Amino acid sequence: MNDTDPSLPSAPLGRRERKKAATRQAIADAALRLFLERGYDAVGIREIADAADVSTTTLFKHFPVKEALVFDEDSEREARLLAAVRERSPGRSIPSALREHALSHRLAAADGDARFTGFFELVNGTPALLDYLQSMWLRHTSALAQVIAEESGLPADDPGCVALAHFALEAPRVARGQDDAREALTRAFDLLEYGWSDRSGPRR
């Protein structure tokens, strides 16, 4: 969890930090370029390291697993998620706010922007990347549950808050492969908002 307040300006990076950030960016850029050119599974770690002019040891210091080369900004992702709950409009429920966040940030489309079309195609066409992205979101379950509890006036370890956080982060998985992903995701959040209603009537 990132303890830095995202609303505060970042302190200037020192020379060493700037160098590390530049190396990390160079590795990520090289990896993405190769993945887009040849496909994720066809590119090896050593090729990425060579393309970024670093050793494989250096690469793994910045990115512990291959999937991490595609994704970054995990702290920013968590900040936006928590802000969706804390900064929701008056009268808006927490499940509704989380649904809007999911629709905006987890089903985002390229919208014709050539810079992102290839990236989305790469992720959506690579099961390992989809699974890693989902696991990244689930890492924020505890932080989200705590904010839900705070906003609801409930204990930090309230099981209902933990369950809501987990299911809200898990819900986008049901949209995979659906003809209408937005509708599928909306229906999943309707269940979190209103609960299950057995429309078939009682069992006899």
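What counts as what
Residues numbered from 1 in each chain as written. Predicted model: local features only at pLDDT ≥ 70, side-chain atom pairs only at ≥ 80, totals over all residues. Heavy atoms only, no water. Axes fitted to C-alpha atoms, helices over the stretch in contact; angles between N-to-C directions. Helix = DSSP H or I, 4+ residues; strand = E, 2+ residues; numbered from the N terminus. Parallel < 35°, antiparallel > 145°, perpendicular 65-115°, else oblique. Left-handed = near helix turned anticlockwise from the far one by under 90°. Contact = heavy atoms within 4.5 Å. Nonpolar A, V, L, I, M, F, W, Y, C, P; charged D, E, K, R; others polar. Core = buried A, V, L, I, M, F, W, Y, C linked by side-chain atoms within 4.5 Å. Buried < 20%, exposed > 50% of the residue type's maximum accessible area, 1.4 Å probe, protein only. pLDDT = per-residue confidence, 0-100.

In this section: the packing of helix α7 (residues 127-138) against helix α9 (residues 159-170). Here α7 crosses α9 at 155°, and the two axes come no closer than 9 Å. Between α7 and α9, the angle is such that the two are roughly antiparallel. Considering how the two elements wind past one another, α7 and α9 form a crossing that is right-handed. When α7 is examined against α9, the residues Gln-134, Trp-137 and Leu-138 are found in contact with a partner set consisting of His-166, Leu-169 and Glu-170. The class makeup of the residues in the contact of α7 with α9 is three nonpolar, two polar and one charged.

With that out of the way, let us pick up the nonpolar core. Counting residues in each nonpolar core, the largest one holds 25 residues, and the members touching the most others are Ile-27, Phe-35, Ile-48, Leu-69, Val-70, Phe-71 and Leu-129. If you list the elements that add at least two residues to this core, you get α1 (15-38), α2 (45-52), α6 (114-124) and α7. No other element matches the six residues that α1 contributes to this core. If near-sequence neighbours (up to four positions away) are discounted, Leu-129 is found in contact with Tyr-40, Glu-67, Val-70, Phe-71, Leu-122 and Val-123. Counting 23 residues, the second largest nonpolar core, distinct from the first, contains Leu-103, Ala-143, Leu-144 and Ala-165.

Time to look at the confidence of the model for the chain. The predicted model of the chain has a mean per-residue pLDDT of 86, with 85% of residues at 70 or higher. For the chain, the element scoring lowest by mean pLDDT is α6, at 78; α2 scores highest, at 97. Throughout residues 1-9 the model reports pLDDT below 50, and contacts reaching past four residues in sequence, or to other chains, amount to five contacts.

Attention shifts here to the environment of Arg-92. One can find Arg-92 in the loop between α4 (74-86) and α5 (94-105). Assessed through its relative accessible area of 31%, Arg-92 is described here as partly exposed. With near-sequence residues (within four places) excluded, Arg-92 lies in contact with Ala-97 and Glu-100.

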